[in-house]
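# Coordinate inspection notes
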Amino acid sequence: MRMPDTATTTATRPTGTTAERLIAAAESLFATHGIDGVSLREINRAAGARNASALQYHFGDRDGLLRAVLAKHHHAVEARRHAMLDAYEAEGRDDLRALAGALVRPSAAMLADGDGGPAYLQIMADLMNRPRPVIDAAALDDPASSIFRWRALVAGLLDNDATRLHRRFVAMRFAAVELARRARSAPHTDDRLFVSHLVDLVAGVLAAALSDETRRLDAERARAAGPDPNTRTPGG
């Protein structure tokens, strides 16, 4: 769905470098209309870029621009999560709610970030809540990623069948969608209750027991499909 022309006036008096203005415009428009719902020309216009090829010059294409938008906030979220995981490991005891908090709270801090934080949360939910979710490869393969660390720590507390049925990814997607929903009405006077309750809910998702029916249906599917050691779903 294309946006009305009036929505492209977010930078009628642009400030900052051209690259910064393009990132800010894309951040706002991607959040409002979806990553696929806005053209590069509209982003150029919203950023006040005089050169029609400015976006391509700075970022190459839509994917390059999207990476730059995410990178603007990614390092802060990563640092917060690593700090929380460091504290969790130092504590030395199993605590699924603490791990739920380490997933939710670093991103939830973006709700109060006046420099595009709420837009970032909406874009992340757009990426996560797709038929084929877009997952950062580092979350699966790079031990330096906070999500890689989080997934490894959570796996040790989950039933093997729950892990195989992608319980961690379900928790990640649920958290992302709920944060985006909150972000759409940001800013709020106080997000503490919302965030604490979301941590409770994510902990509940992670801890939920598999029913006998789910185990039976899972076993039936496995028998029908046959063994496939190469199967891997992102984020599981």
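The model shown is predicted, which means the values in this text are computed figures rather than measured ones. (Residues numbered from 1 in each chain as written. Predicted model: local features only at pLDDT ≥ 70, side-chain atom pairs only at ≥ 80, totals over all residues. Heavy atoms only, no water.)

## Let's talk about the overall build of the protein chain
When you go through the protein chain residue by residue, the secondary structure sums to 12 helices and 0 strands. If you list the helices and strands of the protein chain from N to C, you get α-α-α-α-α-α-α-α-α-α-α-α. Counting all 236 residues of the protein chain, 42% fall into the buried class. Look at the contacts in the protein chain between residues 6 or more apart in sequence, and 72% of them connect residues 24 or more apart. A total of about 13000 Å² of accessible surface is found on the protein chain, and carbon and sulfur atoms cover 52% of it. (Helix = DSSP H or I, 4+ residues; strand = E, 2+ residues; numbered from the N terminus. Buried < 20%, exposed > 50% of the residue type's maximum accessible area, 1.4 Å probe, protein only. Contact = heavy atoms within 4.5 Å. Areas by Shrake-Rupley, 256 points an atom, 1.4 Å probe, with all protein chains shown as cover.)

## Notes on unusual backbone geometry
The omega angle of the peptide bond from A186 to P187 is 5 degrees, so this bond is cis rather than trans. Following the sequence through the fold, P187 ends up in the loop between α10 (167–183) and α11 (192–207). With phi around 70 degrees, H166 is a residue other than glycine that occupies positive phi space. Along the chain, H166 falls in the loop between α9 (160–164) and α10. Owing to a relative accessible area of 25%, H166 belongs among the partly exposed residues under this scheme.

## Let's talk about α10
Since there are 3.6 residues in each turn of an α-helix, residues three or four apart along the chain are aligned in direction. Relative to the 24 Å expected for 17 residues at 1.5 Å per residue, α10 spans 24 Å between its end C-alpha atoms, a close match to the ideal helical length. Buried residues dominate α10, accounting for 12 of its 17 residues. Those residues of α10 that sit buried are R167, R168, F169, A171, M172, A175, A176, E178, L179, A180, R182 and A183. Packing partners of the buried residues in α10 comprise α5 (96–108), α6 (117–128), α8 (146–155), α9 and α11. (Expected span 1.5 Å × (residues − 1).)

## Description of α8
Those residues of α8 not exposed but buried are S146, I147, R149, W150, R151 and V154. Structurally, α8 contributes buried residues whose contacts are with α4 (62–91), α5, α7 (138–141), α10 and α11. Where α8 begins, one side-chain oxygen reaches toward the backbone nitrogen of I147, 3.2 Å away; that side chain belongs to S145. (Polar contact = N/O pair within 3.5 Å; in protein donor to acceptor, adjacent residues only side chain to side chain.)

## Side note on the pattern of salt bridges
In the structure shown here, the tally under the stated rule is 18 salt bridges. Notably, a salt bridge pairs R164 with D161, separated by 2.9 Å at the nearest N-O pair. Note that R164 and D161 are positioned in helix α9 at a spacing of 3 residues, about one turn of the helix. You can call D161 partly exposed: its relative accessible area is 26%. Note that D191 and R182 form a salt bridge whose closest N and O atoms lie 2.8 Å from each other. There is no split in this pair, since D191 and R182 are both buried. In this structure, a network of salt bridges that share partners links the residues D159, D161, R164, R215, D218 and R221. (Salt bridge = Lys/Arg side-chain N within 4 Å of Asp/Glu carboxyl O.)

## A closer look at the nonpolar core
Judged by nonpolar contacts, the single largest core of 62 residues is most densely connected at F30, I43, L65, I123, W150, V202 and L206. Excluding its chain neighbours within four sequence positions, the residues that come into contact with I123 are E27, F30, A31, I35, L66, V69 and L70. (Core = buried A, V, L, I, M, F, W, Y, C linked by side-chain atoms within 4.5 Å.)

## What about the environment of T18?
The topology assignment puts T18 in helix α1 (residues 18–33). Of the residues examined, T18 reaches a relative accessible area of 27% and is grouped as partly exposed. Sequence separation between T18 and G48 is 30 residues, and the spatial gap between their C-alpha atoms is 8.3 Å. Residues within four places of T18 in sequence aside, it is in contact with A54 and H58.

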